[in-house]
There are 2 protein chains.
Amino acid sequence: MTAAHDPRQNYLLAALPAEDLERVSKRLKLVELPLGEALYESGSHQRAVYFPTTAIVSLLYTLADGSSVEIAVVGNEGIIGVSLFMGGETTPSRAVVQSAGYAYRWQGKFLKEEFTLGGPMQHVLLRYTQALLTQMAQTAVCNRHHSVDQQLCRWLLLSLDRLVGNELVMTQELIANMLGVRREGVTEAAGHLQSAGLIKYSRGRIKVLDRAGLEARTCECYAVVKKEFDRLLPAITQYY
Amino acid sequence: MTAAHDPRQNYLLAALPAEDLERVSKRLKLVELPLGEALYESGSHQRAVYFPTTAIVSLLYTLADGSSVEIAVVGNEGIIGVSLFMGGETTPSRAVVQSAGYAYRWQGKFLKEEFTLGGPMQHVLLRYTQALLTQMAQTAVCNRHHSVDQQLCRWLLLSLDRLVGNELVMTQELIANMLGVRREGVTEAAGHLQSAGLIKYSRGRIKVLDRAGLEARTCECYAVVKKEFDRLLPAITQYY
DNA sequence: CCGTTTATGTTCGGTATCGTACACAACTTC
DNA sequence: GAAGTTGTGTACGATACCGAACATAAACGG
């Protein structure tokens, strides 16, 4: 297994000039993120950030009554723990591994040192944070105006973009938690998509058969977020 | 009218050490923001940022079908135009003056110069941006889980926190646009609050009679956001 | 192989919000 | 003070989603 793991599998790290990446990489530690692990809890002091490579992580808010909502999803295009460089140290959200995989862990101390240099890393992190802002805002809009069917499509597409292959390991129950709706609502919506031949699922495995079909059926929110990520992140490479 | 206007009416500016504030102030220009003015439109290149003193500005997303939602509200505790220092230059949202008043305008060029110094201004702006992130995330949660009644309370409280006095100039129609619900829904919710003796309104003027009552009736979202702002922003002054 | 757990399917009444339509009342304009 | 505009009140059926209860069916563990 040669070159199985490389920091450049993460987009933000890949966007760094060689010398910066080399300096940073010395401090990175590859970690395995099992499904369901919480990288941090609401309000807890965060000690490190994570650059996912193959893992996908959800940012969730949990209400006093126990109900929850996903407000953003982070994969190999991003970083978990923006509050460490934004200055707040903690956030009211939780970060939970939605799809098992790997990530590079970076101590908060080293992150802050690098951030204050004001170089490419700072630039990349801030641009990513703006993309994250857009994703959260669009989630707010989507929660207000769109149907569960549309939101399920959006969610599948966002996850798909952060995975290799076309299969997700995820029960309807968990998707319901993410979307903040009932499990039955997801069953129904997923049923629609399956009858339409867009997906095929069974017991926690969802295979996407017709990606274009999902894109046609979802709301504009997916496209807005995707476009904004494409606008903000490729531009990274033009910085130098 | 002595001392009618002072940059320190804005919290972020007030948080700067004297020498920084003095340097920055030379470039600030006081502007009047009339009700309904758009400080920037979706996707348009932003040339300046605004530090409100007495004005309140809503960040709105508008959908293809014309419906809209407020995703955050900014008053004298914040700044309009975070994308200028985050690096994206534009955002998909609009910024509309919700309550007429004043703000200090700062050219993007000067902002960027100051930001790259990495001093107190950068620190303050990033912390504020994190607070904004929290507000957006909580809006997403609230849109999913809470009733119009609760959201109206939250909205009134957030506006009240950014105003002097207890009266808002705002029609139910406009509030409905902000919350992303029908005007009739707001009429009904406002009726509930009025019968309960919490507010009194007529033709675009809303007087809050019982603030504590509103706090009791709203969802936890208001408190979460408020607490997070209090945590992130007072801490600014402990930076030096 | 059998019992248990886990994932999904189905039903049913309840409710919040929607979309639409229209009435009325207050302020504005001429 | 008549006419128009603007802000609010009310009523109606339609519908998307909820909460709860229960049914089936696939995987798992002994």
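Further up the page is the structure itself.
In this report, we go over the structure that sits alongside the text.

**Quick look at the interface of chain B and chain A**
With 44 residues of chain B in contact, the opposing surface of chain A contributes 44 residues. The contact between chain B and chain A buries some 3,500 Å² in all, and 62% of this surface belongs to carbon and sulfur atoms. Its largest share of buried area at the contact with chain A, chain B owes to B:Met86, B:Leu133 and B:Arg144, together 19% of the area lost on that side. Inspection of the region where chain B meets chain A yields 22 residue pairs in polar contact (both at pLDDT 80 or more).

**Points about the nonpolar core**
Ranked by size, the top nonpolar core spans 160 residues in total, and within it A:Phe51 and B:Phe51 carry the most contacts. Residues within four places of B:Phe51 in sequence aside, it is in contact with B:Asn10, B:Leu12, B:Leu13, B:Leu28, B:Gly78, B:Ile79, B:Ala103, B:Tyr104, B:Trp106, B:Met121 and B:Leu125.

**Concerning the protein's contact with DNA strand C**
In the vicinity of DNA strand C lie 14 residues, with A:Gln172, A:Arg183, A:Thr187, A:Arg203 and B:Arg182 positioned nearest. Across the atoms of DNA strand C situated within 4 Å of the protein, the share located in sugar and phosphate is 49%. Within the contact set of DNA strand C, a phosphate oxygen lies 3.1 Å away from a side-chain nitrogen or oxygen of A:Tyr201. Contacts to DNA strand C include A:Gly204, whose backbone N or O atom sits 3.0 Å from a phosphate oxygen. Here the surface near DNA strand C is composed, by residue class, of three nonpolar, five polar and six charged.

**Let's talk about the environment of B:Arg211**
All names here are of chain B. Looking at where Arg-211 falls in the secondary structure, it is placed in helix α9 (residues 211-217). On the basis of relative accessibility, which here comes to 28%, the residue Arg-211 falls in the partly exposed class. As a C-alpha pair, Arg-211 and Asn-76 span 135 residues in sequence and 20 Å in three-dimensional space. In contact with Arg-211, other than residues within four places in its own chain, are Leu-157, Leu-160, Asp-161 and Tyr-222. A polar side-chain atom of Arg-211 sits 2.8 Å from a polar atom in the side chain of Tyr-222.

Definitions and cut-offs
- Residues numbered from 1 in each chain as written.
- Chains lettered and ligands numbered in written order.
- Predicted model: local features only at pLDDT ≥ 70, side-chain atom pairs only at ≥ 80, totals over all residues.
- Heavy atoms only, no water.
- Contact = heavy atoms within 4.5 Å.
- Buried area = accessible area lost by both parts, 1.4 Å probe.
- Polar contact = N/O pair within 3.5 Å; in protein donor to acceptor, adjacent residues only side chain to side chain.
- Core = buried A, V, L, I, M, F, W, Y, C linked by side-chain atoms within 4.5 Å.
- Buried < 20%, exposed > 50% of the residue type's maximum accessible area, 1.4 Å probe, protein only.
- Near = heavy atom within 4 Å.
- Nonpolar A, V, L, I, M, F, W, Y, C, P; charged D, E, K, R; others polar.
- Helix = DSSP H or I, 4+ residues; strand = E, 2+ residues; numbered from the N terminus.

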